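# Close look at the chain arrangement
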Amino acid sequence: MMPAASQQPRLRHFEGMGGPCDLAVFEAPESFLDLLEAEVVRLELRYSRYRQDSLVSVINSNAGTVQGVDAECAGLLNYADHCYWLSDGLFDVTAGVLRRVWDFKQRRVPGEAELASVQSLIGWERVAWDGQRLQLAPGMELDFGGIVKEFAADRLVTMMNEAGYSGMANLAGDIAVTGPQPDGQPWLLGVRDPGGDVRAMARVALNQGGLASSGDYERGFTHQGVRYSHILNPNTGWPVEQAPRAVTVIADHCIMAGSLATIAMLKGKDAESWLVALDVPFLLCNSAGKVSGTLAAPNEIPND
Amino acid sequence: MSEAVKQLARSALAIPGLVSMAQAAAPVDSEAGYQYTYYTEDDSPESRTDGGAQERYTIQVHQFYLMTPYGSNMSWDVEGSFETMSGASPVYTYLDVEDVTRVYMAGASIERRFDLYGSGRYYWSQADVGAQAGISVEQDYLALSTGVDGSLQINDQMTTLSGGATVGYDFLDPTQDYSDPADQQANNPGRFAAKDQTKWQASVFEGISQIIDMNTVVQAGASLTHRSGYMSDPYRERSGAEVPYDIRPDSRTLVTVSAGGRRYFPGIDGALHLDFRFLADSWDIMSTTTDLSWYQNYAPGWEWFVRNEVDFQLIPSLRYYQQTQAYFYEIPDHGEADPYYTADTTTYYSSDPRLSNYGALSFGLALKTDFRNYSWTITGERYAANPSYGFNFDDETPGLPAFWRLTTGLDFRF
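One numbering rule holds for all chains: residues counted from 1, following each sequence as written. For naming, the first written chain is A and the first written ligand is 1, with later ones following in the order written. Reporting in this predicted model follows two pLDDT cut-offs: at least 70 for local features of residues, and 80 or more for side-chain atom pairs to be given and counted; totals over whole chains, interfaces and linings ignore these cut-offs and use all residues.

It is worth spelling out the overall build of chain B at this point. Here a helix means four or more residues in a row that DSSP labels H or I, a strand means two or more in a row labelled E, and each is numbered from the N terminus. Along its length, chain B carries 4 helices and 20 strands. Buried residues are those with 20 or more other C-beta atoms within 10 Å of their own C-beta, exposed residues have 12 or fewer, and partly exposed residues lie in between; C-beta atoms are placed from the backbone. Burial statistics for chain B: of 414 residues in total, 19% are counted as buried. Put simply, of all contacts in chain B between residues at least 6 apart along the chain, 60% involve residues at least 24 apart. By the criterion used throughout, residues are in contact when their C-beta atoms, derived from the backbone, lie within 7 Å.

Okay, structure coming up:
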């Protein structure tokens, strides 16, 4: 980000939602940044699957019963439902249970029996959801990963808009902006190299909306000569074959950028053609490390 | 951006809190539209019709509108319409010497009307205000109107309060007869009496709507309208009577209360709308209107050409209306010698069937088709009014209309 020298944004760095969070807001008092940070905490308390008292944990622990949810949670579930149908079943908020058997830290490949045991707990189409009430089959779990951090970034810029401030929220690479910077310049953002290189893979300009990336980064592993991506296909339980190393998407809202990037990763070798068909600005680093996409062209400002 | 991404954006925007209401409230797209209406009344039954012409009204309306955002907090809206009317209309109803109720129909005529309305609206984060002005011109009529309205969202945007006020002023010029005033009075007593008359009206209304849950909204409203001036129908006249054949009070106050609800059923992707309105006025008319409609969405997922999905909405609707008669509604008895209404201008009387005891039923079926930036709507409606629909099984009220109405329109967002 390169604000005009005459006008520096107020900055805030904190840890939240499992990663580093950075805020840059022009002309706002510290107290306003406190409000933004509190919103991240609120959403984490509601939707984190790591907290036993979160709304999501309560919903998961009540699997099997019919549960009413509030408007915000219903909105997110409806959005997840849309992503499920848009992705032909690849984007599935019930797929989180696969992490029980895939341990990417231990670099262990699970057995077929282990996979089969969790596969029976996956499938959004098996969740009874009428837009208001939810019934998970016993043992099923919701996981809002891939939605909530991006939604939080959108929430923060909405709060900035409502309060009359302009700025940017960057929640571990999921980024939303209120608009161009006050001097009219776009926000220049570095997209992380999936190989773990500290250098940016590319620099993109963001004028409005959100940018999000989904990538294998260093979380996949190679076992007996086979590369296992940490992107797991909910239909098979196995890592997606020929998945890109990373996908970055720009969209009207960060939540859309995030889910489109995630679905593209799940599409495997079809990722690029799918993104081209959707006509969204994107950057894709394929499994061979080749970078392509509409954002790869130098000096391109895609969304002004 | 593809249609699939636009649809995803709609799902994202539906998440509470994703965007501020200020962004969501003001329209971001311009919209233009054209609508054509064809209205045709059933012919009056010959056995009860006097005066020759039985073919009743046919009306055609061409409407155009343009709405465009202005800046990020305002929008403008202009609407115009051109209407042609032809056919005969009932002039008066009477009992003949054999006490058979008959309608005297006016000869066929062709009339035209031009309407023009403009409005502007300003949006805040949880409120908006608008102002409108309009003019309606006919050969024998000029109507001017203006109004303001606004809405306010409270209670975490779960409750919307709305309200407004309108005023109107109408000028009547129903005669193009420039003969001697005495002749005018003798030949066209109704039109002569209404010449250069005016009337005005003022109305205030307020409403509340409450979101119960994400699929249910209930609403209620009330309005108060006062009209003052010349409200008799200049064309309900009897040649040779020398006094108008329709003399109504020169003030009328109307009160309405309404309640309704909408419920969306996600499993079948349809919504039920139910509305009820009660009206009472100082002419002793009380009426109820009940509207029931079903909005069935159907998104078959067809893709025409490349990534252009077509969505449909089918809306069957039913309306039931019934009213009591005005206190001065009367069918004159032509068998009676020298009835007062041939000479008296101080007693109110009218045989206008719209002031009688009656009820009406209408059925409608609309189909809305969305494709890219276009919405095409076609609506068919059948309406029939009858005294017996309104719990009036005794009196005959010939002249009540029955009609078919066909409306089709195309909207374009850009």
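Next comes the rest of the write-up.
Residues and elements named next belong to chain A. At least two DSSP bridges between two strands are needed for those strands to be called paired. The 3 strands are arranged 3-5-4 in an open sheet whose pairing can be described as antiparallel. Looking at the sheet topology across the chains shown, the edges are occupied by strand 3 (66-68) and strand 4 (128-129). Taken together, the 2 bridges between strand 4 and strand 5 (residues 133-135) define a ladder with antiparallel strand orientation. For Trp-129, the partnering residue across the bridge sits in strand 5 and is Leu-134.

This paragraph deals with helix 3 (residues 71-86) of chain A. With 16 residues, helix 3 of chain A should cover 22 Å at 1.5 Å per step; its first-to-last C-alpha distance of 22 Å lies within 8% of that length. Taken together, the buried positions of helix 3 of chain A are Cys-73, Ala-74, Gly-75, Leu-76, Leu-77, Tyr-79, Ala-80, Cys-83 and Tyr-84 of chain A. Those residues of helix 3 of chain A hidden inside the fold are in contact with helix 2 (55-61), strand 4, strand 5, helix 5 (148-163) and helix 6 (254-266) of chain A together with helix 1 (3-13) of chain B. In the segment just after helix 3 of chain A, Asp-88 of chain A is the residue with positive phi, at about 55°. Here the expected length of a helix is defined as 1.5 Å per residue gap, with one fewer gap than residues.

Another point: the nonpolar core. Of all hydrophobic cores here, the largest spans 94 residues; its most connected members are Leu-156, Ile-175, Val-249, Ala-257 and Leu-260 of chain A. Per-element tally for this core: the top contributor is helix 6 of chain A, with 10 residues. The residues contacting Val-249 of chain A, other than those within four sequence positions of it, are Ala-212, Ala-257, Leu-260, Ala-261, Val-280 and Phe-282 of chain A. If you look at the next biggest cluster of nonpolar residues, it comprises 10 residues, including Val-91, Tyr-94, Tyr-104 and Tyr-235 of chain B. To define a nonpolar core, we join buried Ala, Val, Leu, Ile, Met, Phe, Trp, Tyr and Cys residues through C-beta atoms within 7 Å and take the resulting set.

What follows is about the confidence of the model for chain A. All names here are of chain A. Residue-level pLDDT values for chain A average 86, and 92% of them are 70 or greater. Confidence scores labelled pLDDT are given residue by residue by the predictor and lie between 0 and 100. Below pLDDT 50 for its whole length, residues 1-5 participates in 11 contacts with residues either more than four positions away or in separate chains. Note on residues 299-304: pLDDT is under 50 here. Beyond four places in sequence and across chains, it has 15 contacts.

This brings us to helix 7 (residues 271-278) of chain A. In an α-helix, one turn spans 3.6 residues; hence positions three or four apart end up facing the same way. Those residues of helix 7 of chain A lying buried are Ala-271, Leu-275 and Leu-278 of chain A. Projected onto a plane normal to the axis of helix 7 of chain A, the buried residues spread over an arc of 60° and lie on a single side. Looking at the buried residues of helix 7 of chain A, the elements they touch are strand 13 (246-251), helix 6 and strand 14 (282-285) of chain A together with helix 1 of chain B. Following helix 7 of chain A by one or two positions, Asp-279 of chain A has its phi on the positive side, about 60°. By definition, the arc is the one covered by directions from the helix axis to the C-beta atoms.

Residues and elements named next belong to chain A. Pairing is antiparallel across the open sheet formed by 8 strands, whose spatial order is 1-2-6-7-10-13-14-15. Only two strands of the sheet have a single neighbouring strand rather than two, namely strand 1 (10-16) and strand 15 (291-292). Against the sheet, helix 7 touches strand 13, strand 14 and strand 15, its axis set at about 175° to strand 14. Lines fitted to C-alpha atoms define the axes here, with helix axes fitted over just the stretch in contact, and angles between the N-to-C directions of these axes take values from 0 to 180 degrees.

For the rest of this paragraph, the subject is the pairing of strand 18 (residues 358-371) of chain B. Residue and element names in this part refer to chain B. With 13 bridges connecting them, strand 18 and strand 19 (residues 374-386) associate as antiparallel partners. Opposite Leu-361, over in strand 19, you have Ala-384 as the bridge partner. Between strand 18 and strand 19, which pair antiparallel in sequence order, lie 2 residues; one of them, Arg-372, sits at a positive phi of approximately 50°.

All names here are of chain B. Within the secondary structure, Val-61 sits in strand 3 (residues 58-70). It is 5.7 Å that separates the C-alpha atoms of Val-61 and Phe-82, two residues lying 21 residues apart in sequence. Ignoring anything within four residues of it in the chain, the contact list for Val-61 reads Thr-37, Ser-81 and Glu-83.

Glancing now at unusual backbone geometry. A positive phi angle is found at Asp-279 of chain A, which is not glycine, with a value near 60°. Within the element layout of this structure, Asp-279 of chain A appears in the loop between helix 7 and strand 14. The backbone of Asp-284 of chain B shows a phi angle near 70°, a positive value even though the residue is not glycine. Topologically, Asp-284 of chain B is positioned in the loop between strand 14 (270-281) and strand 15 (286-298). Using a count of 13 C-beta atoms within 10 Å as the deciding quantity, one classes Asp-284 of chain B as partly exposed.

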